[in-house]
Amino acid sequence: MSGPEGSSIKNVRLCVVAFLKENKMTDIEYMKIAFNEALKAYKEDEVPVGAIIVKDNVIISQAYNLKEKKQLVTKHAEIIAIEEAEKLLKTWHLDDCTLYTTLEPCLMCSGAIIQSRIKRVVYGCSENRWSSLSSLLKKESLNHYPTITAHIYEKECSMLISSYFKEKRVNNRISLEV
């Protein structure tokens, strides 16, 4: 079997993985991909949070919030991305994975991150209104502590969330006035 256009590549996916390992993307580059997922949520009138999971420099899942569309409280971007990664890898152990998310994970998502043993979490902007991953890791005795990298692509992630809620407040005021 030959590869694309008559090349002798036997396994294209393996070749791509080898190429990506040599050309590792930065946290900012990965976060921009998560941000693009958040933009999809924004366009669908969902809270604009996007997430991707990376293993061995390969994106194995990507997702955005679908809570409103699905009318399911658990349809946060991080949970969806974790579920997709678990299905792909055929295990709930995501030990060697990194989760990139545009907003610091909430308590529900933090629980899933800890339970799935994700090695590293990279987030864009902090969650200041509710308890979240960083506050949970400071207070609790847990069986797993992921490494945290915060404030990557922070300005853009924060502006997107702020714009979304500002538009919601304006639209709510308009509908109340009518």
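Residues numbered from 1 in each chain as written. Predicted model: local features only at pLDDT ≥ 70, side-chain atom pairs only at ≥ 80, totals over all residues. Heavy atoms only, no water.

Draft legend 1. Region of interest: the nonpolar core. Judged by nonpolar contacts, the single largest core of 38 residues is most densely connected at Met31, Ile53, Leu94, Leu99, Tyr100 and Ile118. By residue number, the principal contributor to this core is helix 2 (residues 27–43), which donates six residues. The contact partners of Leu99, leaving out residues within four places of it in the chain, are Ala51, Ile52, Ile53, Glu78, Ile113, Ile118, Arg120, Val121 and Val122. (Core = buried A, V, L, I, M, F, W, Y, C linked by side-chain atoms within 4.5 Å. Buried < 20%, exposed > 50% of the residue type's maximum accessible area, 1.4 Å probe, protein only. Helix = DSSP H or I, 4+ residues; strand = E, 2+ residues; numbered from the N terminus. Contact = heavy atoms within 4.5 Å.)

Draft legend 2. Broad picture of the pattern of salt bridges. Scanning the entire structure with this criterion turns up six salt bridges. For Lys69, the salt bridge is made with Glu44, and the minimal N-O distance between the two is 3.9 Å. Of this pair, Lys69 sits in helix 3 (residues 67–70) while Glu44 sits in the loop between helix 2 and strand 1 (50–55); the two residues are 25 residues apart in sequence, bridging distant segments of the chain. What makes Glu44 partly exposed here is its relative accessible area of 35%. With a closest N to O distance of 3.9 Å, Lys75 and Glu83 form a salt bridge. (Salt bridge = Lys/Arg side-chain N within 4 Å of Asp/Glu carboxyl O.)

Draft legend 3. Local environment of the packing of aromatic side chains. Under the counting rule described, the total for this entry stands at four aromatic pairs. An angle of 85° between the planes, with centres 5.4 Å apart, marks the rings of Phe35 and Tyr153 as edge-to-face. Note that Phe35 is positioned in helix 2 and Tyr153 in the loop between strand 5 (147–149) and helix 7 (154–177), a separation of 118 residues in sequence. A network of ring pairs unites the aromatic residues Tyr42, Tyr164 and Phe165 as a single cluster. (Phe/Tyr/Trp six-rings, centres within 6.5 Å; stacked < 30°, edge-to-face > 60°.)

Draft legend 4. A look at the side chain of Ser61. In this fold, Ser61 is placed in strand 2 (residues 58–64). Taking the relative accessible area as the measure of exposure, Ser61 reaches 3% and is therefore buried. In terms of polar contacts, Ser61 uses its side chain to reach the backbone carbonyl oxygen of Ala81, at 2.8 Å. (Polar contact = N/O pair within 3.5 Å; in protein donor to acceptor, adjacent residues only side chain to side chain.)

Draft legend 5. Structural view of the layout of surface pockets. Its boundaries defined by the atoms lining it, the largest pocket holds a volume of some 710 Å³. Forming the boundary of the largest pocket are 25 residues, of which Val47, Leu103, Glu127, Trp130 and Phe165 lie nearest the centre. Of all the elements in the fold, those that place two or more residues in the lining of the largest pocket are helix 3 and helix 7. For the lining of the largest pocket, the element with the highest residue contribution is helix 7, accounting for seven residues. Those elements that provide at least two residues to the lining of the second largest pocket are helix 2, strand 1 and strand 3 (97–103). Residues of the lining of the second largest pocket, tallied by class, amount to four nonpolar, three polar and seven charged. (1 Å grid on protein atoms, 1.4 Å probe; cavity = no way out; pocket = protein on both sides within 12 Å on 5 of 7 lines; lining within 4 Å. Points joined across faces, edges and corners; volume = space filled by probe spheres on them. Nonpolar A, V, L, I, M, F, W, Y, C, P; charged D, E, K, R; others polar.)

So yeah, pure geometry; function would need other evidence.
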